[in-house]
Amino acid sequence: MAHQQRLTAILWDFDGTLADTRERNLRVTRRVVAHVTGRAPDGFPGLRSLAAYDAATVRAGNWRELYGQMLGLTEEETDRAGAAWSLFQRRERTVSTLYEGVAAALRALGAWSHGIVSQNARGEILRTVRAAGIADRFQVVVGYEEVSARRQKPEPDGILACLARLADHGTGCILYVGDHESDMECARRADVALKERGLAITVKAVAALWGRHADDAAWRVRPDYRAHHALDIVNIAGQWGTRPSND
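## Structural notes on the environment of L231
1) Next: For L231, the position within the fold is in the loop between strand 8 (225-227) and helix 9 (232-238).
2) Next: In contact with L231, other than residues within four places in its own chain, are G101, A104 and A105.

Okay, here's the thing in structure tokens:
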């Protein structure tokens with residue numbers, strides 16, 4: 001199915017979309033919570049196992065909800081946890097790996113501009129993509145530090161910041177690929193915000209169902225597209241035609 005608009009850029013979530021970061025993030029979160037609260041991590045049910053942590057992150061809309069609603073930290077403790085995240089990420093040695101097909105998909109999608117919009121630390125994202133040899137595929141990387149703590153996903157600020165730094169995003173369609181319902185909502189809100197600004201840019205939400213979230217049936221915010229493998233993004237992009245020439 002061909003579209004009148006042209007696809008001009010593809011933006012990606014990081015955790016659970018490009019890379020499997022669950023084990024690493026659990027280790028970091030346990031250390032952050034112990035540092036902030038002075039309590040043993042095993043005292044928090046959501047931190048006792050990878051399965052428990054995974055379930056908590058699925059239920060949480062963003063990292064603040066994870067700390068506040070899922071783990072029971074106060075607002076002040078949550079603020080301190082956010083500030084400590086980058087430090088403990090740098091100290092953690094667990095390696096996150098790309099999901100199968102991600103590198104191949106990025107090679108096949110090389111004609112388009114790419115960005116990352118994530119609630120992980122920008123430094124950790126860059127370390128992972130550099131180690132995987134795909135850093136050159138991304139023109140812009142927006143981590144949680146570059147978005148106000150009160151404006152994290154599903155607010156659209158991360159996507160808007162990324163697009164503002166993509167010099168050639170122009171007009172047309174943007175795909176945002178993510179594994180969480182909050183990513184779908186973020187794409188929706190970004191689409192509304194751009195139209196309110198009078199910009200001829202459409203943001204479409206793509207559900208990345210190849211990682212921990214293999215089922216989006218319970219999502220209230222429905223994706224525009226569903227991808228069960230990273231290479232499915234190549235077919236989705238192809239529906240929008242080739243990338244416009246800069247000539």
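## Let's talk about helix 7 (residues 157-165)
1) Next: Listed in full, the buried residues belonging to helix 7 are G158, I159, L160, C162 and L163.
2) Next: Residues of helix 7 that are buried in the fold lie against strand 1 (7-12), strand 4 (113-117), strand 5 (140-142), strand 6 (172-178) and helix 8 (181-196).

## A closer look at the packing of aromatic side chains
1) Next: A full pass over the atoms with the stated rule returns 2 aromatic pairs.
2) Next: Look at W63 and Y67: their rings are 6.1 Å apart centre to centre, the planes differ by 80°, and that puts the pair in the edge-to-face class. Taken together, the positions of W63 and Y67, both in helix 3 (residues 63-70) and 4 residues apart, correspond to about one turn of that helix.
3) Next: When the centroid spacing of 6.1 Å and the interplanar angle of 65° are considered together, the rings of W63 and Y144 count as edge-to-face. Separated by 81 residues along the polypeptide, W63 in helix 3 and Y144 in the loop between strand 5 and helix 7 bring together distant segments of the chain.
4) Next: You can call Y144 buried: its relative accessible area is 9%.
5) Next: By way of ring pairs, the aromatic residues W63, Y67 and Y144 are connected into one cluster.

## Thoughts on the nonpolar core
1) Next: Core analysis: the largest hydrophobic core is formed by 32 residues, its most contacted members being I10, W12, F138, W210 and I233.
2) Next: Within the residue set of this core, elements represented by two or more residues are strand 1, helix 5 (102-108), helix 6 (122-131), strand 6, strand 7 (201-208), strand 8 and helix 9.
3) Next: What I233 contacts, discounting residues up to four positions off in sequence, is W12, L109, V177, V206, W210 and A227.
4) Next: Residues V117, L163, I174 and L209 belong to the second largest nonpolar core, which totals 26 residues.

What counts and what doesn't
- Residues numbered from 1 in each chain as written.
- Predicted model: local features only at pLDDT ≥ 70, side-chain atom pairs only at ≥ 80, totals over all residues.
- Heavy atoms only, no water.
- Helix = DSSP H or I, 4+ residues; strand = E, 2+ residues; numbered from the N terminus.
- Contact = heavy atoms within 4.5 Å.
- Buried < 20%, exposed > 50% of the residue type's maximum accessible area, 1.4 Å probe, protein only.
- Phe/Tyr/Trp six-rings, centres within 6.5 Å; stacked < 30°, edge-to-face > 60°.
- Core = buried A, V, L, I, M, F, W, Y, C linked by side-chain atoms within 4.5 Å.

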